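If you want the building blocks of each chain, they are given just below.
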Amino acid sequence: MFYVITISDSCSAGEAKDTSGPLLVGLIKETLKTESVNYLLVPDERDLIEKSLLYACDVLKVRAVFTTGGTGFAPRDVTPEATRAVITKEAPQLSLAMTLRSLEKTKFAVLSRAVCGIRDRTLIVNLPGSKKAVQECYESIVDVLPHVLNLLSDGEIESVRETHREVQQGTTNTKRQHVCPHATGKGSDDDRNSPYPMISVDEALQKILATLPSIETTRPQMSRVNIPPFRASIKDGYALKSIGGKGMKKVIGYIAAGDAIVRTNFTIDECYKINTGAPLPEHADAIIQIEDTKLISRENDYERMIEVLTDPEPSLDVRAIGSDLRMAEEVFRYRFPLDASQRGMLASIGEKVSLVKLKVAILSTGDELLHPYDAIPAEGSLEGKIYDSNTTMLVALIRQFGFTEDQCEIRQQVVKDDFESLENAVASLTGSMHVIICTGGVSMGDKDFVKPVLKHLGYKLVFGRVNVKPGKPCTYASSPTTKFFGLPGNPVSAFVTFHLFALPALRWYLCAINETKPQIAKCCLPMIDVELLDSINELDPRPEFARATIRSRKGKLLASVTGNQLSSRLKSTIDADALIELPAKTGERTSLKAGTLVKAYVIRSDFVSYYD
């Protein structure tokens, strides 16, 4: 068990929100592989701090206590004094390690008076009060914490000896876990690589779909009416009795579509003129088309006598009741998003569209982002600012792929680049939205807070990197109620990863919540084979999904890359009909010749731009 104590007058009084303590709880859980972390918030009162430390050490007998706050020069900063009053051994080198790390960031680190020490078998560590400083200082000692804790525990003496042997032999390989958005594999400044394993595109998609709800059967739609509900004329012509044969017929009435059924009997030498789709008279059994008749006479602009030139047969040009669709017959098996054919069929049987809406939130992170329709700042300068294109693009893509307003509710929001703002935004949407799609904040910068926020909110991080260009830092996380896509902030990276990962998941999810079995082939982009129109001179070490225009030439489909493929160059998507999959560079294959067959993932319904 571990203990975190935040020491702050303002936070304990409810005047400010504690962000350092919860962050520290998350870091401990992740790096020390434990779920048993108690959390306490107290004011800057020395007596209360001492009692809290004694309770954690002597009563709860926790393995370590981490405090945050109260280590500075202000009159109320008494955490070091309270800590010294309870420890039996001081650990000054832990404090030194934290100070040295902080000095790399700011000269004001010399003002911290943090104390580290031991009480019986419990480690006590003072950390500064700011969230950024907490993270930096914790990173500076996290590598040695397991060994310190082992030293304090008799039950783990063999682990201690093994560490000593490795140190003495110069083979120690102490590893640490990811603790911050820009943390690295070893935790040292000479290793700048992400600790998240790189997985393939196919594996990433499989992992995503495995977290989504699934239905074993597909919901059928049954018809509640017959179509047509009456015998209807297939052609413009004359309704008559087939036993009357050909010859002269008297026209005794006119029947148009929408008229009531004529139930009056008539003779074999009489007929009704009738329009296509109109109901047959009750006693008629055949239709003779106008082309097989001859007009004999009129009266006041109405036909009165015709001659039938061919012998009619029973049921000739008659649509029988239910010939298109019978009552209680299955109309279709649902697929989502609903398309024009399904909507048309529902309308034909008098059924309203009734479904559960998929709820999607689109977030874009960045202090530099302006709303695309904001006026230029008063000073007339956009220095340091850019217009946000990602939310507009993603909303448009979702709608473009058939997620209409009656099928999908979309919220969109721009979020500031800080832990608290992102945490508040994600927390407010978790549980109320099925899917959150966020762009930015997933890479290795100082302000990439997506992964820490997700972990702090209890999401399971399914993956944090994908072996693909563009879009390597693409992240996916799952909670019981909400799925989270962390797409890269570069517009093209967001564009590509949306098509590869988010779109199939949205289609799958919409099916599942509407009691329909999803089909992976229908959820993913359609794939075709195309030939490269031009050579690719240099392949990338990662598989690349390049934007390409499709041309049809003598029955062959040819693909031409849409210019510069920089992940920030959104213009490369303008003429893109498909994403072509270029293989990763190898020692034997560094380029592709024109004419090489590659896979293309179709992203437009009108995906052929040119016909030669």
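Residues numbered from 1 in each chain as written. Predicted model: local features only at pLDDT ≥ 70, side-chain atom pairs only at ≥ 80, totals over all residues. Heavy atoms only, no water.

By the naming in an unreviewed UniProt entry, the protein chain goes by Molybdenum cofactor synthesis protein cinnamon and is assigned to Anopheles darlingi. Here is the UniProt Cofactor (unreviewed entry) comment for the protein chain, exactly as written: "Mg(2+)". Quoted verbatim from the Function (unreviewed entry) field of the UniProt record, the comment on the protein chain reads "Catalyzes two steps in the biosynthesis of the molybdenum cofactor. In the first step, molybdopterin is adenylated. Subsequently, molybdate is inserted into adenylated molybdopterin and AMP is released." (UniProt positions renumbered as here; feature names shortened; annotations may be inferred.)

Chemist: How do you make sense of the environment of Val 201 when you look at a structure like this?
Modeler: Position of Val 201 relative to the elements: it lies in helix α9 (residues 201–210). By relative accessible area, which is 15% here, Val 201 ends up buried. As a C-alpha pair, Val 201 and Thr 497 span 296 residues in sequence and 9.6 Å in three-dimensional space. With residues near it in sequence (within four places) discarded, Val 201 still touches Val 466, Asn 467, Val 468, Leu 500, Phe 501 and Phe 545. (Helix = DSSP H or I, 4+ residues; strand = E, 2+ residues; numbered from the N terminus. Buried < 20%, exposed > 50% of the residue type's maximum accessible area, 1.4 Å probe, protein only. Contact = heavy atoms within 4.5 Å.)

Chemist: What am I meant to see in unusual backbone geometry here?
Modeler: Most peptide bonds take the trans form, and the phi angle of most residues other than glycine is negative. The residue after Ile 227, namely Pro 228, is reached through a cis peptide bond having omega -5 degrees. Among the structural elements, Pro 228 can be located in the loop between β7 (220–222) and β8 (232–233). With an omega dihedral of -5 degrees, the bond running from Lys 469 to Pro 470 counts as a cis peptide bond. In this structure, Pro 470 sits in the loop between β22 (460–463) and β23 (475–478). The backbone of Asp 301 shows a phi angle near 70 degrees, a positive value even though the residue is not glycine. Judged by its relative accessible area of 70%, Asp 301 is exposed. Backbone geometry places Glu 515, a non-glycine residue, at a positive phi of 55 degrees.

Chemist: Just to check I follow, could you spell out the state of the cysteines for this structure?
Modeler: Here is the idea: a disulfide is a covalent bond, and it sits between the sulfur atoms of two cysteines. Using the criterion set out here, one finds zero disulfides in the structure. Of the cysteine sulfurs around Cys 524, a residue in no disulfide, the closest is that of Cys 523, at 6.6 Å. (Disulfide = S-S within 2.5 Å.)

Chemist: Looking at this structure, I do not really get the pairing of strand β10 (residues 247–255). What am I missing?
Modeler: Each regular strand shows side chains that alternate between the opposite faces of the sheet. In this sheet, strand β14 (residues 302–308) lies alongside β10 in antiparallel orientation, the contact comprising four bridges. Paired with Lys 250 across the strands is Met 305, a residue of β14. Here β10 runs beside strand β11 (residues 270–274); their pairing, made up of four bridges, is parallel. Across the sheet, the residue bridging to Ile 255 is Ile 274, located in β11. (Pairing = 2+ DSSP bridges.)

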